[in-house]
Amino acid sequence: MQDEIMNAGPHNLILEDRNKLKMTGVTDVDSFDETSVTAYTSAGELTVGGTKLHINKLNIENGELTVEGNIVSLVYVDREMKSTGFFGRMFR
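Residues numbered from 1 in each chain as written. Predicted model: local features only at pLDDT ≥ 70, side-chain atom pairs only at ≥ 80, totals over all residues. Heavy atoms only, no water.

Caption draft 1: Just the pattern of salt bridges, in detail. For the structure on display, the rule yields three salt bridges. With a closest N to O distance of 4.0 Å, E68 and K20 form a salt bridge. A residue pair is termed long-range when its members are at least 10 positions apart, and E68 in strand β6 (residues 64-77) and K20 in strand β2 (residues 20-24) qualify at 48 residues. When its relative accessible area of 25% is taken as the criterion, K20 is described as partly exposed. Linking K57 and E64 is a salt bridge whose minimum nitrogen-to-oxygen distance equals 2.7 Å. (Salt bridge = Lys/Arg side-chain N within 4 Å of Asp/Glu carboxyl O. Helix = DSSP H or I, 4+ residues; strand = E, 2+ residues; numbered from the N terminus. Buried < 20%, exposed > 50% of the residue type's maximum accessible area, 1.4 Å probe, protein only.)

Shown next as structure tokens:
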């Protein structure tokens, strides 16, 4: 996965009117439904929250992802933060 992140290219976001999000630097999509899309990017894991979300375009080779719907949040999770959560500290 680390090699994929290195080859993903630059990570950019373009949000148009809170209902169309274009991303670059995407290496994989972990999960998606009508309320959230979780993608791995060259800048870390990104969760898009909202309602009536759907993926219009996904091209992993080019690192492009387009999500449409009512977008209410964009949340990044740093790789370091994930391993230092409660369970991460408990199972060291």
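Caption draft 2: How the structure looks around a nonpolar patch on the surface. Taken together, the side chains of L13, L15, L74 and Y76 define a hydrophobic patch exposed on the protein surface, amounting to about 300 Å² of accessible area. Those elements giving two or more residues to the nonpolar patch turn out to be β1 (12-16) and β6. The topology assignment puts L15 in strand β1. (Patch = residues over 30% accessible without salt bridge, like charges linked within 9 Å, V, L, I, M, F, W, Y side chains within 5 Å. Areas by Shrake-Rupley, 256 points an atom, 1.4 Å probe, with all protein chains shown as cover.)

Caption draft 3: View of the sheet that holds strand β4 (residues 36-41). Taken together, the six strands give an open sheet; going across it, the order is β1-β2-β6-β5-β4-β3, and neighbouring strands pair in antiparallel fashion. In this open sheet, the two strands that pair with only one neighbour each are β1 and β3 (26-32). Neighbour-to-neighbour, the strand axes of the sheet open up by a mean angle of 35°, direction not taken into account. Note that β3 and β4 share five bridges and pair antiparallel. Of the residues in β4, the one forming a bridge with V26 is T41. (Pairing = 2+ DSSP bridges. Axes fitted to C-alpha atoms, helices over the stretch in contact; angles between N-to-C directions.)

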